[in-house]
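# Structural characterization, general
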Amino acid sequence: MSTAMNFGTKSFKARAPDKGSFPLDHFGECKAFKEMFMKCLSENNFDNSRCRLQSKDYLECRMEKQLMAKEPLEKLGFKDLMDPPPSPENRGFCERAALPKHGRTTAEARKAGWL
């Protein structure tokens with residue numbers, strides 16, 4: 001037979017996934033964040049501009065769990081949601097407060113005994 005099949009002549013070259021594609025969360029590591037984001041969307045008539053905090057939290061979770069490449073949040077469009085660096089006069093106060101990322105107000109934090 002003169003037409004032998006040579007499987008080794010062409011080699012497969014792996015390439016990085018396209019930007020924006022990332023593995024599925026098979027183990028549900030960020031499911032709670034996804035659920036909060038989806039609930040926010042449904043409550044706000046799917047206006048994603050009203051759910052930016054939930055979106056940011058979800059993407060942070062995915063980056064922490066290595067379900068997507070780590071990117072600076074500024075590059076992902078969340079520069080306006082970033083915490084500003086503490087001023088020198090408030091630096092000690094900010095470190096002592098150690099408020100959780102739940103978006104609590106100062107009054108709620110005082111009532112809970114965090115301040």
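Residues numbered from 1 in each chain as written. Predicted model: local features only at pLDDT ≥ 70, side-chain atom pairs only at ≥ 80, totals over all residues. Heavy atoms only, no water.

### Here we look at the overall build of the protein chain
Looking only at helices and strands, the protein chain has 4 helices and 0 strands in total. From first element to last, N terminus to C terminus, the protein chain shows the α and β order α-α-α-α. Put simply, the protein chain has 115 residues, and 17% of those count as buried. Of all intrachain contacts in the protein chain linking residues separated by at least 6 positions in sequence, the fraction that spans at least 24 positions is 43%. Just so you have it, the protein chain exposes about 9900 Å², and 55% of that area is on carbon and sulfur atoms. (Helix = DSSP H or I, 4+ residues; strand = E, 2+ residues; numbered from the N terminus. Buried < 20%, exposed > 50% of the residue type's maximum accessible area, 1.4 Å probe, protein only. Contact = heavy atoms within 4.5 Å. Areas by Shrake-Rupley, 256 points an atom, 1.4 Å probe, with all protein chains shown as cover.)

### A word on the pattern of salt bridges
All chains considered together, the criterion is met by 6 salt bridges. Residue Lys39 pairs with Glu43 through a salt bridge whose shortest N-O separation is 3.8 Å. Remark: Glu43 and Lys39 occur in helix H1 (residues 31-43); sequence separation between them is 4 residues, near one turn of the helix. In this structure Lys39 comes out as exposed when scored by relative accessible area, which is 52%. A residue is classified by how much of its surface remains accessible, and Glu43, at 56% relative accessible area, is exposed. (Salt bridge = Lys/Arg side-chain N within 4 Å of Asp/Glu carboxyl O.)

### Describing the state of the cysteines
For the structure on display, the rule yields 2 disulfides. Sequence-ordered numbering of the bonded cysteines in the protein chain yields a pairing of 1-4, 2-3. (Disulfide = S-S within 2.5 Å.)

### Here's the deal with the side chain of Lys56
Note on placement: Lys56 falls in helix H2 (residues 52-64). In contact with Lys56, not counting residues within four places along its chain, are Leu73, Phe78 and Leu81.

### Topic: the confidence of the model for the protein chain
Looking at the protein chain as a whole, the pLDDT averages 75, with 54% of positions reaching at least 70. At the level of individual helices and strands, the protein chain shows its lowest average pLDDT in helix H3 (residues 91-97), which scores 45, and its highest in H1, which scores 95. Within the model, pLDDT remains below 50 along residues 93-102, and this stretch shows 9 contacts once partners closer than five positions in the same chain are excluded. (pLDDT = per-residue confidence, 0-100.)

### What to know about unusual backbone geometry
Trans peptide bonds make up most of the peptide bonds, and negative phi angles are found at most residues other than glycine. Phi at Phe46 takes a positive value of approximately 60 degrees, unusual for a residue other than glycine. Tracing the backbone shows Phe46 in the loop between H1 and H2. Even without a glycine there, the phi angle at Gln66 is positive, about 60 degrees.

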